[in-house]
Amino acid sequence: MKKDIILAGVGGQGILTIAAILGQAAIKRGWHLKQAEVHGMSQRGGDVQSHLRLSDQPIWSDLIPFGGADMILSVEPMEALRYLPYLGKEGWIIANRTPFENIAVYPDLEKIYGEITRQPNHVLIDADTIAKDVKANRAMNIVVLGAAIKHIGFSVEEISDAIRDIFNRKGEKVVEDNLRALQAGIEAK
Amino acid sequence: MEKLMLLGDEALAQGALDAGISGFYAYPGTPSTEIVEYAQRSKQAAAGNVHSKWSSNEKTAMESAIGMSYAGKRAMVCMKHVGLNVAADPFMNSAFTGANGGLVVTVADDPSMHSSQNEQDSRLYGKFAMIPILEPSNQQECYDMAFWAFELSEKYRIPVMIRLTTRLSHSRSGVVRREPLPQNSMKKPEDIFQFMLLPAIARKKYKHLISLQPEFVQEAEASPFNEIKLDAKDTSLGIITTGLAYNYLRDVFGEKPVPYPVIKICQYPIPDKAIHQLYDKCDSVLVLEEGMPVVEEMIKGLAFSGTKPIKGRLDGTLDRDGELNPNKVARALGLPDTYGEDIPEIVAPRPPALCVGCPHADSFLALNEAIKEYGRGHVFSDIGCYTLGFMPPYNAINSCVDMGASITMAKGAADAGLYPAIAVIGDSTFTHSGMTGLMDCIYENTNVVIVILDNLTTGMTGGQEYTAFGKLEEVCKGLGVHPDHIRTFFPIKKNWDEMVQIYKEEIAYEGVSVIIPRRECVQTLKKKNMKLREKKA
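J.: Could you give me a rundown of the nonpolar core, with the residues and numbers involved?
T.: Residues and elements named next belong to chain B. With 107 residues, the main nonpolar core has Phe24, Met76, Phe91, Ile239, Ile240 and Leu333 as its most contacted residues. Counting residues per element, this core draws most heavily on helix α8 (residues 139-156), at 10 residues. Mapping this core onto the domain boundaries places at least three of its residues in each of domain 1 (3-222) and domain 2 (227-332). Sequence-distant contacts of Leu333, defined by excluding residues within four places in its chain, comprise Leu237, Ile239, Leu249, Val252, Phe253, Tyr260 and Leu286. Of all hydrophobic cores here, the second largest spans 50 residues; its members include Leu354, Ala361, Leu367 and Val449.

J.: Can you break down the state of the cysteines residue by residue, with the values?
T.: This structure, assessed with the given rule, holds zero disulfides over all chains. With no disulfide partner, Cys78(B) has as its closest neighbouring cysteine sulfur the one in Cys142(B), 12 Å distant.

J.: A description of the interface of chain B and chain A should follow, citing residues and the corresponding values.
T.: Tallying the contact residues gives 51 residues for chain B and 48 residues for chain A. Together chain B and chain A conceal approximately 4,200 Å² of surface at their shared face, both sides included; 56% is due to carbon and sulfur atoms. Its largest share of buried area at the contact with chain A, chain B owes to Glu341(B), Ile346(B) and Arg350(B), together 19% of the area lost on that side. Taken together, chain B and chain A are joined by five salt bridges. Asp251(B) is paired through a salt bridge with Arg53(A); the nearest N and O atoms lie 3.0 Å apart. For the side of chain B that touches chain A, the secondary structure elements donating two or more residues are β1 (3-7), β7 (171-176), α11 (245-253), α14 (326-332) and α21 (522-536) of chain B. If you tally residues by element for the side of chain B that touches chain A, the top one is α11(B), at five residues. A class-by-class count of the residues in the side of chain B that touches chain A yields 23 nonpolar, 16 polar and 12 charged. Bridging between strand β2 (residues 32-36) of chain A and β7(B) involves three bridges; their strand directions are antiparallel. Considered in β7(B), the bridge of Ala36(A) is made with Ser171(B).

J.: Hey, could you go over the pattern of salt bridges for me, with residue numbers and the actual values?
T.: Using the criterion set out here, one finds 47 salt bridges over all chains in the structure. In this structure, Asp47(A) and Arg82(A) form a salt bridge, with 4.0 Å as the shortest nitrogen-oxygen distance. Here the residue Asp47(A) occupies a position in strand β3 (residues 47-55), and Arg82(A) occupies one in helix α2 (residues 77-82), the gap between them amounting to 35 residues. Residue classification places Arg82(A) among the buried positions, given a relative accessible area of 12%. Between Lys372(B) and Glu369(B) there is a salt bridge; the shortest N-O distance is 2.9 Å. We classify Glu369(B) as partly exposed; its relative accessible area is 27%. Linked by salt bridges that have partners in common, Asp109(B), Asp121(B), Arg123(B), Glu135(B), Arg163(B) and Glu289(B) make up one network.

J.: Could you give an account of the pairing of strand β12 (residues 285-288) of chain B, naming the residues involved and the relevant values?
T.: Residue and element names in this part refer to chain B. On β12, burial covers both faces: Val285 and Val287 on one face and Leu286 and Leu288 on the other are all buried. Strand direction decides the pairing type here: β12 and strand β13 (residues 310-311), joined by two bridges, are parallel. The residue of β13 that forms the bridge with Val285 is Ile310.

J.: A description of a positive patch on the surface should follow, citing residues and the corresponding values.
T.: On the surface, Arg138(A), Lys526(B), Arg533(B) and Lys536(B) cluster together into a positively charged patch. Checked against the element boundaries, Arg138(A) lands in the loop between α4 (127-133) and α5 (140-152). The exposed category is assigned to Arg138(A), whose relative accessible area is 65%.

J.: Any chance you could break down the domain arrangement of chain B for me, citing the residues and the numbers?
T.: Residue and element names in this part refer to chain B. Domain boundaries assigned for chain B yield domain 1 (3-222), domain 2 (227-332) and domain 3 (359-524). The interface is formed by 13 residues belonging to domain 1 together with 13 residues belonging to domain 3. A combined buried area of about 1,000 Å² lies between domain 1 and domain 3, and 53% of that area is made up of carbon and sulfur atoms. Three residues, Tyr27, Trp54 and Gln117, lead the burial of domain 1 against domain 3; their summed loss comes to 45% of the area buried on that side. At the junction of domain 1 with domain 3, the criterion picks out five residue pairs in polar contact (both at pLDDT 80 or more). Taken together, the residues of the side of domain 1 that touches domain 3 sort by class into four nonpolar, seven polar and two charged.

J.: For the side chain of Ser284(B), give the residues involved together with the corresponding values.
T.: Residues and elements named next belong to chain B. Its location among the elements puts Ser284 in the loop between α12 (272-281) and β12. Residue class for Ser284 comes out buried when judged on its relative accessible area of 8%. One polar contact links the side chain of Ser284 to the main-chain carbonyl oxygen of Ser236, over a distance of 2.9 Å. The contacts of Ser284, once residues within four sequence positions are left out, are Ser236, Leu237, Gly238, Pro309 and Lys311.

J.: Any chance you could break down the sheet that holds strand β16 (residues 448-453) of chain B for me, citing the residues and the numbers?
T.: All names here are of chain B. With parallel pairing, the five strands of this open sheet are ordered in space as β14-β15-β16-β18-β17. Two strands close off the open sheet at either side, each with one partner strand: β14 (379-380) and β17 (486-489). Both β17 and strand β18 (residues 512-517) contribute to a ladder of four bridges, which runs parallel. In the strand pairing of β18, Arg487 is matched with Ile515.

Reading guide: rules and limits
- Residues numbered from 1 in each chain as written.
- Chains lettered and ligands numbered in written order.
- Predicted model: local features only at pLDDT ≥ 70, side-chain atom pairs only at ≥ 80, totals over all residues.
- Heavy atoms only, no water.
- Core = buried A, V, L, I, M, F, W, Y, C linked by side-chain atoms within 4.5 Å.
- Buried < 20%, exposed > 50% of the residue type's maximum accessible area, 1.4 Å probe, protein only.
- Helix = DSSP H or I, 4+ residues; strand = E, 2+ residues; numbered from the N terminus.
- Domains from an automatic or database assignment.
- Contact = heavy atoms within 4.5 Å.
- Disulfide = S-S within 2.5 Å.
- Buried area = accessible area lost by both parts, 1.4 Å probe.
- Salt bridge = Lys/Arg side-chain N within 4 Å of Asp/Glu carboxyl O.
- Nonpolar A, V, L, I, M, F, W, Y, C, P; charged D, E, K, R; others polar.
- Pairing = 2+ DSSP bridges.
- Patch = residues over 30% accessible without salt bridge, like charges linked within 9 Å, V, L, I, M, F, W, Y side chains within 5 Å.
- Areas by Shrake-Rupley, 256 points an atom, 1.4 Å probe, with all protein chains shown as cover.
- Lys, Arg positive; Asp, Glu negative; His and termini not counted.
- Charge placed at Lys NZ, Arg CZ, Asp CG, Glu CD.
- Polar contact = N/O pair within 3.5 Å; in protein donor to acceptor, adjacent residues only side chain to side chain.

See the structure below:
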């Protein structure tokens with residue numbers, strides 16, 4: 001059993017937190033994990049991605065091969081498409097609808113949505129609004145994670161436990177906000 | 001023991017701590033920064049009083065590490081690949097002095113230039129210095145090799161290089177720890193000649209270094225990190241991998257064993273004998289290595305007079321530049337390659353950019369206004385976030401070569417008659433290697449304007465302290481800049497007129513001017529506020 005996930009977004013949108021939570025859940029299962037991150041210049045408002053590989057078998061490469069990902073999990077719609085070369089034939093694309101507009105000309109959003117929904121396996125949700133609705137404004141990334149977990153094959157309990165582990169030191173309110181965001185993401189249509 | 005989830009950088013730091021290190025020395029640089037940051041956060045390091053403060057630059061860091069080794073304790077100096085250019089002088093000579101306490105030089109290369117101005121391969125430096133090199137292939141090896149490097153260093157009294165690359169430095173995986181070793185106690189070198197490289201002594205030192213070479217080869221032949229598996233049946237091809245490349249090879253065969261004889265090199269010099277055996281046995285050889293074709297050239301050029309094909313980066317089997325990945329390795333082996341869909345045309349590039357609210361943005365826009373009558377081509381810049389001032393809408397700078405080059409390039413251009421000649425350098429970069437260039441300008445009273453963009457941190461690498469923090473004016477004054485021509489302003493839109501005016505006045509002044517726009521980096525400010533909020537919560 002293996003799960004190769006490309007996490008995508010713009011620097012500062014919280015994809016490494018998603019990676020940390022999924023990683024923690026995988027470790028608790030006794031799984032192996034490799035997770036390649038982007039640091040340095042590429043983080044400054046540019047596109048960022050993380051290769052997250054989870055498996056019950058030892059993992060060799062830190063990088064997911066092109067055409068090998070089980071999922072693209074993106075907190076930004078256009079960024080989801082940037083990694084299509086990595087997506088496997090049966091793979092899922094899980095993306096947030098809200099664009100992060102920090103470039104001179106952001107492309108036509110409807111066309112972006114069209115490209116995402118053209119994929120046979122996709123989930124496209126308005127994670128920013130959902131996060132606001134459950135009063136967890138800063139947990140948009142966790143909403144997107146919530147929408148993804150059933151396609152990754154982790155249970156709600158596993159991810160909830162991992163969220164507690166990761167956010168514990170930030171206080172109970174942060175934990176609760178993120179758990180609400182997770183639940184809202186799971187229920188999102 | 002419990003598994004720790006660590007970046008390659010962090011695994012190496014934890015390994016060094018457990019191997020009884022007494023001091024890390026470094027200047028931040030992607031992808032090496034997290035080694036020392038890990039040590040700075042470590043309770044174990046604090047309890048053991050392990051040095052982990054930043055140095056002014058890689059040269060001062062390297063020299064301090066040599067000094068700690070002189071005093072008998074274990075030291076590691078860490079840097080990015082281009083940092084070794086800065087530290088090259090002490091580095092090369094440390095191979096002659098050798099080590100007293102264990103001395104490890106960790107260099108993180110950045111193939112594909114994710115955050116660098118070139119992709120030079122530090123193994124060439126290791127070979128140049130004639131010292132053993134270790135190149136871990138995974139996070140556990142990063143940890144284990146810290147022990148091994150110090151052991152080798154103390155056994156042969158020689159500095160040892162550990163070479164990392166971006167994908168290992170910045171990839172996280174499980175690491176199992178060992179029983180920690182105690183630190184060395186302080187002990188002066190027994191041989192009073194050891195660190196004394198007068199020519200007469202240095203000649204003996206060089207002969208000694210040469211005499212160690214066969215022993216280094218033997219160590220590599222027997223190294224627990226070099227895996228030599230020559231018994232596979234299919235000898236149409238033999239494969240040599242170095243470091244991380246081994247993972248891609250295993251990855252493309254999945255759960256199946258590699259059908260060809262394979263040598264996994266993680267310790268250099270290259271294990272000669274085993275490579276000869278592989279060459280004799282196989283019809284052709286494929287070399288998979290991250291970085292430049294270092295091993296490939298050695299094999300092609302030196303060891304073999306044979307005519308069998310040696311494939312790799314030199315003959316085009318693999319791309320000559322850029323990092324490896326599983327797909328490139330699969331293609332090199334003639335295996336089926338996979339690919340999803342092309343990126344839809346509608347997707348726009350999203351290059352890195354100055355953050356919203358960045359103080360550099362205001363400083364650049366005002367500078368553009370002040371110099372617009374002169375046209376483009378007057379602003380020399382440097383290495384840091386502000387290099388992004390090259391991008392639209394700023395289009396504010398015209399060069400980026402190496403740490404400190406802004407000031408000295410402006411000087412050279414001013415000497416040639418360029419007016420105005422303006423240097424733009426960050427506060428931390430100025431500390432790293434701007435001061436000596438400023439001295440050159442002061443010595444000749446060169447007509448330059450030096451803008452030190454002070455965002456109160458080392459921004460590009462994520463917000464580290466630097467040694468001249470809070471002392472920039474004093475430093476400039478002390479070096480001899482006339483106090484009337486050290487100007488500061490708070491870079492923000494409402495100060496537009498003042499900023500433009502200050503730039504114009506100092507451009508008009510014939511001599512050395514220093515302008516210091518000062519406002520805190522928005523990222524470090526955000527982090528500070530977040531910490532405050534967490535504390536309150």
